[in-house]
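# Residue-level structure breakdown
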Amino acid sequence: KEYARRGITVVHGEAASTTDDSLIMKDGGKVKCDACLWCTDAGTGEWLRETKLELEDGFVKVNQFMQSTSHGDVYAAGDCASLPARVAKAGVFAVREGPPLTANLKGHLVTPTPPPVAFVP
């Protein structure tokens, strides 16, 4: 009721794009708007399903070092990764995954390889 009182319309569905004054829905519908706030779930690109990477619910399955469980030369973090420590798909965790991911990517490129750094939520 409060949204309606303030002139805010909540639209559920799959939006495809926006224009300067409209939200264009995948079914071809158009919703006029002054501003658009998109709220989405975490997700990955369809292209991941076409790879040979091990996926878990569509996300790249990684170990505690952010390394793919099926391809040791592949690392993933943030919304596209499925970690052994079940953390929410939230920006705060993606940011925290950055330092161990960076250390492990750098370590992967040098010889001798330093011990990997685990992500600890």
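Please refer to the structure placed before this passage.
To start, this report covers the structure provided alongside it.

## Details of the pattern of salt bridges
Counting across every chain of the model gives six salt bridges. Here E46 and R49 are joined by a salt bridge, their closest N and O atoms 3.8 Å apart. For R49, a relative accessible area of 46% translates into the label partly exposed. Within the structure, one salt-bridge network assembled from shared partners comprises E2, R5 and R6.

## Brief notes about the pairing of strand β1 (residues 15-18)
Bridging between β1 and strand β2 (residues 22-25) involves three bridges; their strand directions are antiparallel. Each residue of the ladder has a partner; that of S17, found in β2, is I24. The turn linking β1 back onto β2 is made up of three residues.

## Here we look at the side chain of E56
Note on placement: E56 falls in strand β4 (residues 55-56). At 2.4 Å, the side chain of E56 forms a polar contact with the side chain of S82. Dropping the residues within four chain positions of it, E56 is found in contact with K61, S82 and R86.

## So, the sheet that holds β4
Here we have three strands laid out as an open sheet, ordered β4-β5-β6, and mixed in their pairing. The outermost strands of the open sheet, each flanked by one partner alone, are β4 and β6 (81-82). In this structure, strand β5 (residues 59-61) lies alongside β6, joined through two bridges in parallel fashion. The residue of β6 that forms the bridge with K61 is S82.

## Quick look at the sheet that holds β1
Taken in spatial order, the three strands make up an open sheet running β1-β2-β3, and their pairing is antiparallel. The open sheet has two edge strands with one neighbour each: β1 and β3 (30-32). Mean inter-strand twist for the sheet, computed between neighbouring axes without regard to direction, equals 25°.

## Some details on the packing of aromatic side chains
Following the criterion strictly, the structure yields zero aromatic pairs and no others. Looking at K89, its charged tip hangs above the ring of F59, at a distance of 4.2 Å from the centre.

## Quick word on the environment of A85
Within the secondary structure, A85 sits in the loop between β6 and α2 (91-108). Residues A85 and P99 lie 14 residues apart in sequence; the distance between their C-alpha atoms is 16 Å.

## Considering α2
In this model, α2 (18 residues) spans 25 Å end to end at C-alpha, consistent with the 26 Å of a helix rising 1.5 Å per residue. Of all the bends in α2, the greatest reaches close to 30° and is centred on G98; the proline P99 follows between one and four positions later.

Reading guide: rules and limits
- Residues numbered from 1 in each chain as written.
- Predicted model: local features only at pLDDT ≥ 70, side-chain atom pairs only at ≥ 80, totals over all residues.
- Heavy atoms only, no water.
- Salt bridge = Lys/Arg side-chain N within 4 Å of Asp/Glu carboxyl O.
- Buried < 20%, exposed > 50% of the residue type's maximum accessible area, 1.4 Å probe, protein only.
- Pairing = 2+ DSSP bridges.
- Helix = DSSP H or I, 4+ residues; strand = E, 2+ residues; numbered from the N terminus.
- Polar contact = N/O pair within 3.5 Å; in protein donor to acceptor, adjacent residues only side chain to side chain.
- Contact = heavy atoms within 4.5 Å.
- Axes fitted to C-alpha atoms, helices over the stretch in contact; angles between N-to-C directions.
- Phe/Tyr/Trp six-rings, centres within 6.5 Å; stacked < 30°, edge-to-face > 60°.
- Lys NZ or Arg CZ within 6 Å of the ring centre and 35° of its normal.
- Expected span 1.5 Å × (residues − 1).
- Bend = angle between axes of the 7 residues up to and from the residue.

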